[in-house]
Number of protein chains: 2
Amino acid sequence: MTERGSSAAMVRGDSLLFLTDDQLRRGIEAMFFAYRGFTADPDRILIEHGYGRAHHRAVHFINRTPGTTVNNLLAILGVTKQSLNRVLRTLVEDGLVEARVGKRDKRERHLFLTDAGKELEQALSEAQRNRMRVAFRNAGPEAVQGFRAVLEEMMDPEMRRQYLDGVDQG
Amino acid sequence: MTERGSSAAMVRGDSLLFLTDDQLRRGIEAMFFAYRGFTADPDRILIEHGYGRAHHRAVHFINRTPGTTVNNLLAILGVTKQSLNRVLRTLVEDGLVEARVGKRDKRERHLFLTDAGKELEQALSEAQRNRMRVAFRNAGPEAVQGFRAVLEEMMDPEMRRQYLDGVDQG
DNA sequence: TTGGAAAGTCAACAAGGCTGACATAAAATG
DNA sequence: CATTTTATGTCAGCCTTGTTGACTTTCCAA
């Protein structure tokens, strides 16, 4: 992998990949259009349940890290506690999330999915994984590496930390 | 590039890339966290001007395709005309967008950025391009190819058409 | 014991989606 | 020419999800 002295050109194999403004604009539009596809399937499911993306996000990260506290969730989601609280309240009322008072620190609420919550999470993530799986397969293994590399570079440092935290096996 | 018979394994060079649910979950979170980074810089600029992402999207696509009609924009943005109209109205009132009555079809409004509109568009897209450029450079040219390939596969067919439409030189 | 952190609550507000209904002008069609 | 369809705009009202500000309760820790 060689790097040119030029500010906008990179060498890939034998073909030049120019990072012109137009190339970058295409990357920007790729993100915009792809994010729509990325959320489309879960959105349909959520509407049936009377929920929105905010509920999906909460359910996702509670599932990823069971027992996480409200404060942890706030840091990951990057919203105000009032916003998150509104979402969590409905999820608890609807019996999808359980908020257990902390044992060591009783101010904290540890969040868990109930069986019903796990069921919804499964439906949502399965739909999203299916699309991701098809995209990965069609694009090929090398593309998947590149996809992840670019997205990781696009994150703010704080978000990248959160992202790298959620690793199971490296 | 070889494909294994297995449903979840793909070969990349000599290392196996397993598409386990956990790998897919990481892809999902990568999208979530990266999209935040992707919008963070323009969001800051928009707030200073009292605008939101909806304005950014409109300005972006009017800049991409000057003279585009309201209906075209609706198809690209995937919102209702009421939603878009609210945004366009403020942009026209503020002198960032000009809506010219069509010559051949006088029902149509052809949308153009004014000089002030181009100025804002430049500020927004420059911020976004800078992040994209750094991400691309850090990830490397091969990663950029993969990034685009996966994102394109993630789009709904209709959106992919819109995406591929916006090509200048192939 | 007192300060401050964690969490919850209430109120108010705004952006930006949505639907439904209606108006207007102009093009297209019979 | 009459009718229908299309493109656009607009008003009213609703929802989700974000915001800020103020206030309370709980309770850990200095």
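Everything discussed here concerns the structure shown above.
What counts, and at which threshold
Each chain has its residues counted from 1, running along the sequence as written. A letter from A marks each chain and a number from 1 marks each ligand, given out in the order of writing. At least 70 in pLDDT is required for a residue's local features to be given in this predicted model, at least 80 for side-chain atom pairs to be given and counted, and no such filter applies to totals for whole chains, interfaces and linings, which use all residues. Excluding hydrogens and water, the side-chain figures rest on all heavy atoms present in the structure. Secondary structure counts use DSSP, requiring at least four H or I residues in a row for a helix and at least two E residues in a row for a strand, with both numbered from the N terminus. We call a residue buried when its accessible area falls under 20% of the maximum for its residue type, exposed when it is over 50%, and partly exposed in between, using a 1.4 Å probe and counting protein chains only. The contact definition used throughout considers only heavy atoms, calling two residues in contact when any of these lie within 4.5 Å. The accessible surface values rely on the Shrake-Rupley method and a 1.4 Å probe; as for residues, cover is taken only from the protein chains in view. Only heavy atoms are used to decide nearness, and a residue is near a molecule or strand if one of them lies within 4 Å of it. Within 3.5 Å is the distance limit for a polar contact, defined as a pair of N or O atoms, with the added protein rule that one can donate a hydrogen and the other accept it, and that residues adjacent in sequence qualify only through two side-chain atoms. Three classes are used: nonpolar for Ala, Val, Leu, Ile, Met, Phe, Trp, Tyr, Cys and Pro, charged for Asp, Glu, Lys and Arg, and polar for all others, with Gly counted as polar. Think of a salt bridge as a Lys or Arg side-chain nitrogen and an Asp or Glu carboxyl oxygen that are within 4 Å of each other. In short, DSSP must find at least two bridges between two strands for them to pair. Note on definitions: angles span 0 to 180 degrees between N-to-C directions of axes, and those axes are lines fitted to C-alpha atoms, for helices only across the stretch in contact.

### A short note on the overall build of chain A
Right, on to step 1. Helix and strand counts for chain A stand at seven helices and five strands.
Right, on to step 2. Across chain A, helices and strands are ordered from the amino to the carboxyl terminus as β-β-α-α-β-α-α-β-β-α-α-α.
Right, on to step 3. Put simply, chain A has 170 residues, and 47% of those count as buried.
Right, on to step 4. Summarising the internal contacts of chain A: among those between residues at least 6 apart in sequence, 45% fall at separations of at least 24.
Right, on to step 5. Surface summary for chain A: the accessible area is close to 8,800 Å², and the carbon and sulfur share equals 47%.

### Quick word on the protein's contact with DNA strand C
Right, on to step 1. If you check the shell around DNA strand C, you find 24 residues, and the closest are Arg107 of chain A together with Gly52, Arg57, Thr80 and Arg86 of chain B.
Right, on to step 2. The sugar-phosphate share of atoms of DNA strand C within 4 Å of the protein amounts to 58%.
Right, on to step 3. In the environment of DNA strand C, a phosphate oxygen lies 3.2 Å from a nitrogen or oxygen atom belonging to the backbone of arginine 104 of chain B.
Right, on to step 4. For the surface near DNA strand C, the secondary-structure elements that each account for two or more residues are helix 3 (70-77) and helix 4 (81-93) of chain A together with helix 2 (53-64) and helix 4 (81-93) of chain B.
Right, on to step 5. With four residues, helix 2 of chain B is the single largest residue contributor to the surface near DNA strand C.
Right, on to step 6. A breakdown of the residues in the surface near DNA strand C according to their chemical character gives three nonpolar, 10 polar and 11 charged.

### What to know about the pattern of salt bridges
Right, on to step 1. Applying the stated criterion across every chain yields a total of 26 salt bridges over all chains.
Right, on to step 2. One salt bridge connects arginine 25 of chain A with glutamate 29 of chain A, and the closest N-O pair in it is separated by 3.2 Å. Here arginine 25 of chain A pairs with glutamate 29 of chain A, and both are found in helix 1 (residues 21-49), just four residues apart, close to one helical turn. Like glutamate 29 of chain A, arginine 25 of chain A is buried.
Right, on to step 3. Among the ionic pairs, arginine 44 of chain B bridges to aspartate 41 of chain B, the shortest N-O distance being 2.5 Å. Linking arginine 44 of chain B with aspartate 41 of chain B, this pair stays in helix 1 (residues 21-49), spanning three residues, or about one helical turn.
Right, on to step 4. A residue is classified by how much of its surface remains accessible, and arginine 44 of chain B, at 48% relative accessible area, is partly exposed.

### Details of the sheet that holds strand 4 (residues 97-101) of chain A
Residue and element names in this part refer to chain A.
Right, on to step 1. As summarised here, the arrangement of the three strands in space is 3-5-4, forming an open sheet in which the pairing is antiparallel. With partners counted over all chains shown, the strands left at the sheet margins are strand 3 (68-69) and strand 4, one partner each.
Right, on to step 2. In this sheet, strand 5 (residues 109-113) lies alongside strand 4 in antiparallel orientation, the contact comprising five bridges. Among the inter-strand pairings, valine 97 is bridged to a residue of strand 5, identified as leucine 113.

### Structural notes on the environment of glutamate 126 of chain B
All names here are of chain B.
Right, on to step 1. Here glutamate 126 lies in helix 5 (residues 115-139).
Right, on to step 2. Since its relative accessible area comes to 42%, glutamate 126 is described here as partly exposed.
Right, on to step 3. When the C-alpha atoms of glutamate 126 and proline 42 are compared, they prove to be 8.8 Å apart, with 84 residues separating the residues in sequence.

### Some points on the sheet that holds strand 5 (residues 109-113) of chain B
All names here are of chain B.
Right, on to step 1. With antiparallel pairing, three strands are arranged side by side in an open sheet as 3-5-4. Looking along the sheet, the strands with just one partner apiece sit at the ends: strand 3 (68-69) and strand 4 (97-101).
Right, on to step 2. For strand 3 and strand 5, the ladder comprises two bridges, and the chain directions are antiparallel. Bridging across to strand 5, threonine 68 finds its partner in leucine 111.
Right, on to step 3. Across the sheet, helix 2 lies against strand 3, strand 4 and strand 5, angled at about 95° from strand 5, the strand it touches most.

### Considerations on the protein's contact with DNA strand D
Right, on to step 1. Contacts to DNA strand D come from 24 residues, most closely from Gly52, Arg57 and Arg86 of chain A together with Lys81 and Arg107 of chain B.
Right, on to step 2. Note that a phosphate oxygen of DNA strand D is positioned 2.8 Å from one of the backbone N or O atoms of arginine 53 of chain A.
Right, on to step 3. Interatomic distance of 2.6 Å between a side-chain N/O atom of arginine 107 of chain B and a base oxygen of DNA strand D.
Right, on to step 4. Residue assignment for the surface near DNA strand D shows that the elements contributing at least two residues are helix 2 (53-64) and helix 4 of chain A together with helix 3 (70-77) and helix 4 of chain B.

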